[in-house]
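# Residue-level structural notes
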There are 2 protein chains.
Amino acid sequence: MNLSLMQVYASLKPELQSIENAMTRAVSSDLPLLSETSQHLLKAGGKRIRPVFVLLAGKFGNYSLEALEKVAVSLELIHMATLVHDDVIDDADTRRGQPTVKSKWDNRMAMYTGDYIYAKALTVITELANPRMHQILSHAMVQMCIGEMEQIRDFFNVEQNVRRYLLRIRRKTALLIAISCQLGAIAAEAEPAVDAALYRFGYNVGMVFQITDDLLDLCGTEKQIGKPPGNDLRQGNITLPVLYALEDDSVRESLLSEITAIRDSNGQADSTKAVQLVRSSKGIAAAERMADRYLAKALRALEGLPDIPVKKNLAEIAHFVAHRSY
Amino acid sequence: MNLSLMQVYASLKPELQSIENAMTRAVSSDLPLLSETSQHLLKAGGKRIRPVFVLLAGKFGNYSLEALEKVAVSLELIHMATLVHDDVIDDADTRRGQPTVKSKWDNRMAMYTGDYIYAKALTVITELANPRMHQILSHAMVQMCIGEMEQIRDFFNVEQNVRRYLLRIRRKTALLIAISCQLGAIAAEAEPAVDAALYRFGYNVGMVFQITDDLLDLCGTEKQIGKPPGNDLRQGNITLPVLYALEDDSVRESLLSEITAIRDSNGQADSTKAVQLVRSSKGIAAAERMADRYLAKALRALEGLPDIPVKKNLAEIAHFVAHRSY
């Protein structure tokens with residue numbers, strides 16, 4: 001994390017701590033097993049980028065930690081719930097042979113844990129008596145589900161075009177970041193033009209975030225990304241650098257056969273060669289250029305906003321998101 | 001269906017048709033695969049008991065089909081989403097051997113279909129600008145998730161007591177029926193005392209509904225219930241008649257060993273003997289008595305309500321729920 005970003009986090013420390021505590025309270029339940037799973041997730045932490053955006057967006061209106069905290073907790077819980085559901089069936093797959101009753105239960109439990117966290121997120125945001133916020137959130141949830149399903153539908157689809165990829169990550173990732181900014185502004189009763197500009201900012205930062213994530217999965221070291229590179233490819237998730245690499249004649253044929261091998265092995269084949277091919281192709285630079293275009297759009301969305309100090313912070317975070325290495 | 005109940009459904013036919021159409025519209029999406037799954041579910045139909053309760057409850061206030069329809073669609077979609085999630089991991093279990101990528105996708109797709117239907121349900125109810133309704137719904141969703149998890153936790157737990165069973169079905173089933181009545185009344189701007197009485201009515205009918213369902217799973221014929229009896233036992237779901245049967249010394253020991261055999265066979269063992277033991281025990285009559293107690297409570301909840309014709313309809317439905325054979 002660079003220095004200016006650390007300063008942003010440091011300046012929000014008490015608020016972020018308060019949000020963390022509220023999240024812990026939100027997922028406590030009288031079912032010990034459930035509390036355990038949820039708390040485990042919470043402790044795993046994360047960049048809490050959505051809460052940061054909620055808080056910063058709130059500075060463009062009448063900053064009220066009470067309201068912003070509810071928005072932040074709700075959105076971060078929704079993000080957590082999607083992570084839980086992403087993992088549900090993967091887990092089963094790592095258990096070879098016939099699924100045992102126990103593994104079946106574990107998976108179901110994980111699914112219901114996700115459902116529970118979603119529902120808790122709703123109870124938190126509905127404490128704010130603003131139906132428009134509830135509408136925005138539920139519409140975003142619909143789109144996020146569609147994005148997840150599109151991702152599955154497009155697994156190993158090497159014929160998909162860039163537009164399809166962009167639409168998918170828009171739903172899967174960018175929208176929740178967009179509404180973090182938007183709902184933060186609405187909770188602080190900012191001007192409608194401010195909500196809209198912050199939404200555009202968040203949306204474009206969200207696109208940068210996902211494209212950078214997809215680049216890191218191919219170019220990062222195991223230490224940086226916490227898992228061996230090429231994880232997306234092993235799952236069948238064809239990301240932007242891969243799509244652009246497939247347009248590069250110097251690697252296209254070899255890359256196609258590597259991807260086919262991974263697909264035919266149920267994701268068990270080694271993805272090292274495929275990763276190397278993408279790295280050596282024009283795909284990396286092309287995806288980086290696309291990320292930079294979204295970064296520029298994000299920065300442009302900030303232009304019309306009032307010149308308060310937090311505006312600089314938002315720009316710094318956007319730069320960090322684009323150039324981070326983890 | 002008995003004659004008076006058929007008359008209730010007949011009198012609501014245009015409204016129920018309109019709700020059916022609205023549900024179809026709600027789950028249509030630009031993702032063909034998703035629309036297909038959802039439409040398939042819709043066509044499978046059901047008793048639409050929640051929409052019926054919403055509509056009837058609405059008669060105690062300023063009946064507005066527009067508002068009631070949104071409540072009904074939302075609650076029935078939530079019910080459908082829980083059915084989808086109930087089936088998710090079961091499906092994987094029927095595929096022997098190593099899970100294929102395809103089956104993994106199918107399960108994930110089913111999970112996301114459920115998530116999508118939940119989210120759609122939220123978009124429909126949030127069109128009504130009444131935050132209290134959103135709060136009631138989200139709190140109920142939390143409890144329903146806990147109920148589902150309690151059911152999994154208590155699979156094959158022959159030591160659980162009756163109170164634990166009742167708490168579980170309260171969350172899993174009764175609450176959604178309770179809020180169908182309550183939200184119908186709120187959408188029609190009925191008096192708070194009316195909301196509360198209808199909530200109590202719905203809650204008690206919901207308890208009757210689930211106990212009767214659990215009795216049918218043991219006492220019904222395959223034709224009546226659409227699957228071989230004893231399905232709950234094969235899943236490990238220990239229901240009220242079984243709990244009471246376990247208190248009957250004439251069958252306790254044999255029943256315990258049958259249940260253990262089912263558990264140890266991963267649910268593959270035959271449940272015919274266990275079903276016969278429960279049927280021959282005092283468990284059936286005891287569970288029927290409990291259902292009758294909840295029926296009496298449901299009817300009592302109606303007493304304070306204004307004497308409009310629909311009150312008689314609610315009583316008829318309660319009787320039907322208690323004595324139905326499918």
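Residues numbered from 1 in each chain as written. Chains lettered and ligands numbered in written order. Predicted model: local features only at pLDDT ≥ 70, side-chain atom pairs only at ≥ 80, totals over all residues.

## Regarding the overall build of chain A
Just so we agree on the cut-off: For helices the rule is a DSSP run of H or I covering at least 4 residues; for strands it is a run of E covering at least 2, with both sets numbered from the N terminus onward. Put simply, the radius of gyration uses C-alpha atoms, and a globule should come to 2.2 Å times the residue count raised to 0.38. Residues with at least 20 neighbouring C-beta atoms inside 10 Å of their own are called buried, those with 12 or fewer are called exposed, and the rest are partly exposed, where every C-beta is derived from the backbone. We call two residues in contact when the distance between their C-beta atoms, placed using the backbone, is within 7 Å.
Of the regular secondary structure elements, chain A holds 16 helices and zero strands. Relative to the compact-globule value of 20 Å for 326 residues, chain A shows a C-alpha radius of gyration of 20 Å, a close match. C-alpha atoms of chain A, sized along the principal axes, occupy 55 × 50 × 35 Å. Scored against the burial criterion, the 326 residues of chain A give a buried share of 50%. For chain A, contacts bridging at least 24 residues in sequence account for 74% of all contacts bridging at least 6.

## Observations regarding unusual backbone geometry
Residue F156 of chain A is not a glycine yet carries a positive backbone phi of 60°. Mapped onto the elements, F156 of chain A comes out in the loop between α7 (131-153) and α8 (162-187). The partly exposed category is assigned to F156 of chain A, around which 17 C-beta atoms lie within 10 Å. Phi at E189 of chain B takes a positive value of approximately 55°, unusual for a residue other than glycine. Of note, E189 of chain B is situated in the loop between α8 (162-187) and α9 (192-219). Among the residues examined, E189 of chain B registers 16 C-beta atoms within 10 Å and is labelled partly exposed.

## Points about the packing of α7 of chain A against α8 of chain A
Residue and element names in this part refer to chain A. Threshold: Think of each axis as a best-fit line through the C-alpha atoms, taken over the contacting stretch in the case of a helix, with angles from 0 to 180 degrees between the N-to-C directions. For classification, angles of less than 35 degrees are called roughly parallel, those exceeding 145 degrees roughly antiparallel, those between 65 and 115 degrees roughly perpendicular, and all remaining angles oblique. Two helices crossing with the near one rotated counterclockwise from the far one by less than a right angle form a left-handed crossing, whereas a clockwise rotation gives a right-handed crossing.
In the contact formed by α7 and α8, the axes pass within 7 Å of each other and the chain directions differ by 165°. The orientation of α7 relative to α8 falls into the category roughly antiparallel. Between α7 and α8 lies a crossing whose hand is left-handed. Here R132, M133, I136, L137, A140, Q143, M144, I146, G147, E148, E150 and Q151 of α7 come into contact with α8, specifically with R168, R171, K172, L175, L176, I179, Q182, L183 and I186.

## Describing helix α16 (residues 309-323) of chain B
Turn by turn, an α-helix covers 3.6 residues, leaving residues three or four places apart pointing in a common direction. Residues and elements named next belong to chain B. Applied cut-off: An expected span of 1.5 Å times one less than the residue number is assigned to each helix.
A rise of 1.5 Å per residue sets the reference length of α16, with its 15 residues, at 21 Å; its end C-alpha atoms lie 22 Å apart and thus fit the reference within 8%. All of the buried residues in α16 are N313, L314, I317, A318, F320, V321 and A322. Where α16 is buried, its residues contact α1 (3-11), α4 (49-58), α9 and α15 (283-303).

## Comments concerning the confidence of the model for chain A
All names here are of chain A. Put simply, the test is: What pLDDT conveys is the predictor's confidence in a given residue, as a value from 0 to 100.
Of the residues in chain A, 92% reach a pLDDT of 70 or more, and the chain-wide mean stands at 90. Below pLDDT 50 for its whole length, residues 91-101 participates in 23 contacts with residues either more than four positions away or in separate chains. For this predicted complex, the interface confidence reaches an ipTM of 0.91, while the overall pTM sits at 0.92.

## A short note on the environment of S38 of chain B
Residue and element names in this part refer to chain B. Within the secondary structure, S38 sits in helix α3 (residues 32-43). Given 25 C-beta atoms within a 10 Å radius, S38 is considered buried. Separated by 25 residues in sequence, S38 and K13 place their C-alpha atoms 23 Å apart. The residues contacting S38, other than those within four sequence positions of it, are V27, T113 and I117.

## Things to note about the environment of E191 of chain A
Here E191 of chain A is to be found in the loop between α8 and α9 (192-219). Taking C-alpha positions, E191 of chain A is 7.5 Å from G61 of chain A, a pair spaced 130 residues apart along the chain.

## Details of the packing of helix α15 (residues 283-303) of chain A against helix α16 (residues 309-323) of chain A
Angle between the axes and distance between the axes are the two parameters that describe a pair of packed helices. Residues and elements named next belong to chain A. For clarity, the threshold we go by: Under the grouping applied here, Gly and all other residues not named as nonpolar or charged are polar, the nonpolar ones being Ala, Val, Leu, Ile, Met, Phe, Trp, Tyr, Cys and Pro and the charged ones Asp, Glu, Lys and Arg.
For the pair α15 and α16, the least separation of the axes is 10 Å and the interaxial angle reads 175°. Classified by the angle between their axes, α15 and α16 sit roughly antiparallel to one another. Only K311, L314, A315, A318 and A322 of α16 make contact with α15, whose side of the interface consists of A291, D292, L295, A298, L299 and L302. Taken together, the residues of the contact of α15 with α16 sort by class into nine nonpolar, no polar and two charged.

## Some details on the environment of A269 of chain B
All names here are of chain B. Summarising the element assignment, A269 is placed in the loop between α13 (252-264) and α14 (272-280). Along the backbone, A269 and I259 are ten residues apart, and their C-alpha atoms lie at a distance of 9.3 Å. With residues up to four places along the chain from it excluded, the contact list for A269 reads A261 and I262.

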